[in-house]
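Residue-level structure breakdown
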Amino acid sequence: MNREVVLALNYALSHGVQIHPDVLAALEKTGSSAQEIIKNIIRGRHGREASMIGMEDFNLYFGIEDDASLPVSFEVVWDPTSSITSSEGVEGYSELFVDRYERLKKIIQGRPESKKLKSVAAVRARDFEGDVCLCGLVVERNVERNFTKLVIDDPTGSIEVMVFNEELREVADSMLNDQFVMIVVYWGRNGGFMVKNLIIPDVPERRIARTEREVYALFLSDLHIGSRYFMETEFRKFLAWLSGPDPVAKKVGFVLIGGDIVDGVGIYPNQDKELLCKTVEEQFEKTTELLSEIPERVRVCIIPGNHDPGRRALPQPAVPEKYCPALWERENVTMVGNPAVVSLGGVKVLMFHGQSIDDLVKAAPGLSYDRPVDAMRHLLRARHLSPVFGGRTPIAPETEDLMVVNDVPDVFQAGHVHVVGAEMYRSVTLINSGAWQKQTPFQASVGQVPTPGVVVMMNLKTGDVGYKYFG
Ligand code: D5M
Ligand code: FE
Ligand code: ZN
């Protein structure tokens, strides 16, 4: 055994860790400092209990087996790109709202309160005794001094109901236009339908999905490549870290990019003054150059945002190949639409750019730009990614409402507001993936303070979420 290997072994033993003889043999052959390697492997385990460093750890550290042994699969579970039918004229919207109603009704029928569910027309005909349950979309909300009045639509008609109870009023007052709700009502003594209970679809507690192998997913969004505020230096630092020797970087299996890849052209008035790359093609050339620095073993998945080409209205198809053929060609890059669901070794991630957060912050009391996860929780509980119609978020007249959250994900990623955040809601990890663009003059003028240059990372084996700062 050479001296370096003896030092490495002593270091390991003093940390209560043994080294497998195969690893000792392998260490003899490495030119680099054996002690340094063992130190890094031990550090990279984050106190994991295993008391023996085996070839598996050694190979993982050097990335030797990364390709062959990658048991952590990647799968696109759902991508709207092929389902997008595009504009069908105004009738399309009535079909969209009927479909939204039907899908959310199916979701809420799992709740025990839905047993006595009747149509709005039947409730209005008052052919019931006592309490009755109905569901529909909120089309009007009026907050009065002592009560809140809601107007709720289903395909059979429209009904006005009143909420007096303080606790229920809190729920009613936070309802967004076109959000789905189930209510229990009775006919009041002085006339009018009184609300006895107000139920939103919400998500249940579930078993949390985790990977068997320790692998990290990195969450990024809002790169805004091409903008003069894109933080290229910091982004290159991140890329260098990802290809470097840090044992955590070596365990990164996935990079998920939540939209606003490029800054685009003509997205906001006078945007051209803020562009370093003046065409979308040039912006994507730069993007391809940068993302090619990500090691091939890492799967990169990209959804579009409101700055990316394709179509603006939700749901958005994947960025068309004609804008970035080189990205589409890369083996390790997957381009999908917005929103989309991908599975990282069984951990399901709902990726959404997050355009509707702007509408939520405006409409719902208590929500703000500095806590995007609150708005995300609101969307998840409403089981809809963009409930408000006619606000700042354009919605396409699809015949199916693809923005309904049919299946509960394990992770819900959004971006758009350029502020990182992470939190658990029930069994779902909410992640806002921040930005790589400095504060723009517009954001400064409205007091929006971004937190750029931060990567949110999740250990898919333990569920732990952390930040890594490059800013
Ligand atoms: O949007 C980033 C955030 O900033 C998002 O909350 C919208 C807001 N924003 C930024 N620029 C504008 C302009 N010019 N008008 C309205 N709102 C804006 P992003 O999608 O990255 O532009
Ligand atoms: Fe953005
Ligand atoms: Zn955006």
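Residues numbered from 1 in each chain as written. Chains lettered and ligands numbered in written order. Predicted model: local features only at pLDDT ≥ 70, side-chain atom pairs only at ≥ 80, totals over all residues. Heavy atoms only, no water.

1. Describing the coordination of the zinc ion (ligand 3)
Protein coordination at the zinc ion (ligand 3): the donors are Asp 260 (OD), Asn 306 (OD1), His 353 (NE2) and His 416 (ND1), at 2.2 Å from the metal. Every donor residue of the zinc ion (ligand 3) comes from the same chain, spaced as D-x45-N-x46-H-x62-H. A separation of 3.1 Å is found between the zinc ion (ligand 3) and the iron ion (ligand 2), both of which receive a donor from Asp 260. Highlighted residues: Asn 306 in the loop between β11 (299-303) and α11 (325-329) and His 353 in the loop between β14 (347-351) and α12 (357-363), separated in sequence by 47 residues. The exposure classification of Asn 306 matches that of His 353, with both residues buried. (Donors = N, O, S within 2.8 Å, 3.2 Å for Na, K, Ca; no water. Helix = DSSP H or I, 4+ residues; strand = E, 2+ residues; numbered from the N terminus. Buried < 20%, exposed > 50% of the residue type's maximum accessible area, 1.4 Å probe, protein only.)

2. A short note on the nonpolar core
In this structure, Leu 218, Phe 235, Phe 238 and Trp 241 are the most contacted members of the largest nonpolar core, which totals 36 residues. Mapped by element, the contributors of at least two residues to this core are β9 (216-220), α8 (232-243), α9 (247-250), β10 (252-258), α10 (280-291), β11, β12 (333-335) and β18 (454-459). Setting aside anything within four residues of it in sequence, one finds Phe 238 in contact with Leu 218, Leu 220, Trp 436, Val 455 and Phe 470. (Core = buried A, V, L, I, M, F, W, Y, C linked by side-chain atoms within 4.5 Å. Contact = heavy atoms within 4.5 Å.)

3. Concerning the coordination of the iron ion (ligand 2)
At the metal site, the iron ion (ligand 2) is ligated by Asp 222 (OD), His 224 (NE2), Asp 260 (OD) and His 418 (NE2), and these contacts range over 1.9 to 2.3 Å. Mapped onto the polypeptide sequence, the residues donating to the iron ion (ligand 2) form the spacing pattern D-x1-H-x35-D-x157-H.

4. Observations concerning the side chain of Glu 398
By secondary structure assignment, the location of Glu 398 is in the loop between α13 (372-382) and β15 (411-414). Owing to a relative accessible area of 2%, Glu 398 belongs among the buried residues under this scheme.

5. Describing unusual backbone geometry
The peptide bond linking Leu 314 to Pro 315 adopts the cis configuration, its omega dihedral lying at -10°. Its location among the elements puts Pro 315 in the loop between β11 and α11. The linkage connecting Asn 338 with the following residue, Pro 339, adopts the cis geometry, with an omega of 0°. Along the chain, Pro 339 turns up in the loop between β12 and β13 (340-344). Phi at Asp 178 takes a positive value of approximately 70°, unusual for a residue other than glycine. Following the sequence through the fold, Asp 178 ends up in the loop between α7 (166-173) and β7 (180-187). Its identity as a non-glycine residue notwithstanding, Arg 383 has a phi of 55°, on the positive side. With respect to the element layout, Arg 383 can be found in the loop between α13 and β15.

6. Some thoughts on the pairing of β9
In terms of residue burial, β9 counts as a mostly covered element, since five of its five residues are buried. In the sheet, β9 pairs with β10 via five bridges, with the strands oriented parallel. Bridge pairing in β10 places Tyr 216 opposite Val 252. When β9 meets β18, the two strands line up antiparallel, connected through four bridges. From the neighbouring strand, Ala 217 faces β18, where its bridge partner is Met 458. (Pairing = 2+ DSSP bridges.)

7. Some points on the confidence of the model for the protein
When the pLDDT values of the protein are averaged, the result is 92; 95% of them are 70 or greater. Of the regions scoring below 50 in pLDDT, residues 65-69 engages in eight contacts with residues more than four places distant in sequence or in other chains. (pLDDT = per-residue confidence, 0-100.)

8. A word on the sheet that holds strand β4 (residues 132-143)
Each strand in a sheet pairs with its neighbour through backbone hydrogen bonds, running either in the same direction (parallel) or in the opposite one (antiparallel). An order of β4-β5-β6-β8-β7 is seen for the five strands of this closed barrel, with the pairing classed as mixed. Strand after strand, the sheet turns through a mean of 55° between neighbouring axes, direction not considered. Inspection of the sheet shows β7 paired to strand β8 (residues 193-199) by six bridges, in the antiparallel sense. Considered in β8, the bridge of Trp 187 is made with Phe 193. Taken strand by strand, α7 contacts β4, β5 (148-154), β6 (157-163) and β8, and its axis lies near 70° from that of β8. (Axes fitted to C-alpha atoms, helices over the stretch in contact; angles between N-to-C directions.)

9. Description of the site of ligand 1
By nearness alone, 15 residues border ligand 1, and Tyr 268, Asn 306, His 307, Asp 358 and Arg 392 come closest of all. Contacts to ligand 1 include His 416, whose side-chain N or O atom sits 3.1 Å from an oxygen atom. Contact distances for ligand 1 include 2.8 Å between an oxygen atom and a side-chain N or O atom of His 418. Starting from 460 Å² of accessible surface for ligand 1 in isolation, the protein chains cover 89%. When the residues that make up the shell around ligand 1 are grouped by side-chain class, the tally is four nonpolar, seven polar and four charged. (Near = heavy atom within 4 Å. Polar contact = N/O pair within 3.5 Å; in protein donor to acceptor, adjacent residues only side chain to side chain. Areas by Shrake-Rupley, 256 points an atom, 1.4 Å probe, with all protein chains shown as cover. Nonpolar A, V, L, I, M, F, W, Y, C, P; charged D, E, K, R; others polar.)

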